[in-house]
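Each chain, written out:
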Amino acid sequence: MSSPSESEAASRDRRVDVGTLRRWGLPEPGRTKQSRGDAVIVGASRRTPGAVILAFEAAMRVGAGRVAVLVPGSVEEQLGAHLPEAAVLALPDDPAAPLTGAAAEVVAGAGAVLVGPGFDDVPQTRATLDAVLACAPQRLVLDAYALAVLPGIARDRLPGELLLTPNEDELEILSRADLDRNDLSPAVVDVAARFEATVAAYGLVGTAPGDPTGGTASPLQVEGGGPGLATAGSGDVLAGAITGFLARGIPAARAAAWGLWAHARAGDRLTATHGLGFLARELATELAFAVREVEQG
Ligand SMILES: NC(=O)C1=CN([C@@H]2O[C@H](COP(=O)(O)OP(=O)(O)OC[C@H]3O[C@@H](n4cnc5c(N)ncnc54)[C@H](O)[C@@H]3O)[C@@H](O)[C@H]2O)[C@@H](O)CC1
Ligand SMILES: Nc1ncnc2c1ncn2[C@@H]1O[C@H](COP(=O)(O)OP(=O)(O)O)[C@@H](O)[C@H]1O
């Protein structure tokens, strides 16, 4: 058994603060959009079309070069009018149909693909995720309804680098035990091991077995954040930010930690001026200032 000082030192090692992020650094952006990385966001429904806007902006604000959104045909036109910087592509009318043409190409070519924001139907999400997997995405982030369908998918159909961004309810769905809402660490560790994935939630990063950042024994702990982050659309922003860092070429556990830290820092900055009265879209905008703060140090 480790002594108290050993376990304190181990816990310090797992803490991620601005100094840690400066040590890790960010990949060189290069000269072109392509060299900053491509991401794809797959989601949206008629009820919640804006979730992909939040995830799109978050991925761009953390420095991804190009972000495409892949959405149901019923909202494609509407979203196109709101996303002048995006490639907006329609999913097939039949969710069970394969992706073809530009949709298949962007999914196969992107450094990171996020599935989930704004979907509101389990069978449709399952069919769309199957279609995305058939294009062999390089790195995959799953959020919201995509997490509800994850337990039914064989691990070997998913890419090696798999990242999950559950909220508390989704963590409970994925976890084998009742969730202790006062201490999410055991659930984060359990879900990371069970799904061989990186799990990012509430300042914690659970790492997949064999991850070079240090196994699954205890999660990385990312400082900052607070109850202001519990606002509609906040999870869409977090998932988009992590996808953006992943698209830039950062390995999964570090991309998760960068995303959680920038999201929390954005929340802290907005709480200082607005109290609880800020919107998720403002969190997305603020991410750029958070990243800048690390770079300027
Ligand atoms: N609720 C909100 O205020 C907002 C929701 N948004 C989007 O709306 C979608 C739904 O979010 P909510 O938080 O309302 O989610 P719900 O409260 O409907 O569901 C929470 C989670 O439970 C699981 N689930 C739901 N129905 C299920 C079923 N029939 N079988 C198995 N698992 C099921 C899913 O993993 C889901 O993400 C998400 O895609 C989210 O991105 C965003 O657009 C922003 C605002
Ligand atoms: N009270 C809180 N303290 C710290 N972080 C929080 C808090 N509430 C939410 N967050 C952060 O914001 C993210 C999104 O929160 P939440 O609103 O629960 O998700 P969603 O938008 O997916 O329903 C969480 O995963 C977590 O990282």
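The coordinates are above.
Residues numbered from 1 in each chain as written. Chains lettered and ligands numbered in written order. Predicted model: local features only at pLDDT ≥ 70, side-chain atom pairs only at ≥ 80, totals over all residues.

A. Structural detail: unusual backbone geometry. With phi around 50 degrees, Ala144 is a residue other than glycine that occupies positive phi space. Mapped onto the fold, Ala144 is located in the loop between strand 6 (139-142) and helix 8 (145-149). Residue classification places Ala144 among the buried positions, given that 23 C-beta atoms sit within 10 Å. Positive phi values are uncommon outside glycine, yet Glu196 reaches one of about 50 degrees. Inspection of the secondary structure assignment puts Glu196 in the loop between helix 10 (185-195) and strand 8 (198-201). What makes Glu196 partly exposed here is the crowd of 16 C-beta atoms within 10 Å. (Helix = DSSP H or I, 4+ residues; strand = E, 2+ residues; numbered from the N terminus. Buried ≥ 20, exposed ≤ 12 C-beta atoms within 10 Å, placed from the backbone.)

B. Highlighting the site of ligand 2. Contacts to ligand 2 come from 13 residues, most closely from Asn167, Gly225, Leu229, Ala230 and Gly235. At three residues, helix 11 (residues 234-247) tops the list of elements feeding residues into the shell around ligand 2. Considered class by class, the residues forming the shell around ligand 2 number seven nonpolar, five polar and one charged. (Near = placed C-beta within 6 Å. Nonpolar A, V, L, I, M, F, W, Y, C, P; charged D, E, K, R; others polar.)

C. View of the site of ligand 1. Around ligand 1, the surrounding shell holds 19 residues, and the nearest of these are Thr48, Ala51, Ala144, Ala148 and Ala232. Residue assignment for the shell around ligand 1 shows that the elements contributing at least two residues are helix 8 and helix 9 (168-174). Residues that form the shell around ligand 1 fall into these classes: ten nonpolar, five polar and four charged.

D. Local environment of helix 13 (residues 280-296). Over its 17 residues, helix 13 runs 25 Å from end to end, which matches the ideal 24 Å to within 8%, given 1.5 Å per residue. The largest bend in helix 13 amounts to roughly 30 degrees and is located at Glu286. Within the span of helix 13, buried status applies to Ala280, Leu283, Ala284, Glu286, Leu287, Ala290 and Val291. Looking at the packing, one finds that the buried side of helix 13 touches helix 4 (51-61), helix 11 and helix 12 (252-274). (Expected span 1.5 Å × (residues − 1). Bend = angle between axes of the 7 residues up to and from the residue. Contact = placed C-beta atoms within 7 Å.)

E. How the structure looks around the packing of helix 11 against helix 13. Close contact between helix 11 and helix 13 brings their axes to 8 Å; oriented N to C, the two are set at 25 degrees. With respect to each other, helix 11 and helix 13 are oriented roughly parallel. Of the two possible hands of crossing, helix 11 and helix 13 adopt the one that is right-handed. Taken together, the residues of helix 13 that come into contact with helix 11 (itself represented by Ser234, Asp236, Val237 and Ala241) are Ala280, Leu283, Ala284 and Leu287. Taken together, the residues that form the contact of helix 11 with helix 13 break down as six nonpolar, one polar and one charged. (Axes fitted to C-alpha atoms, helices over the stretch in contact; angles between N-to-C directions. Parallel < 35°, antiparallel > 145°, perpendicular 65-115°, else oblique. Left-handed = near helix turned anticlockwise from the far one by under 90°.)

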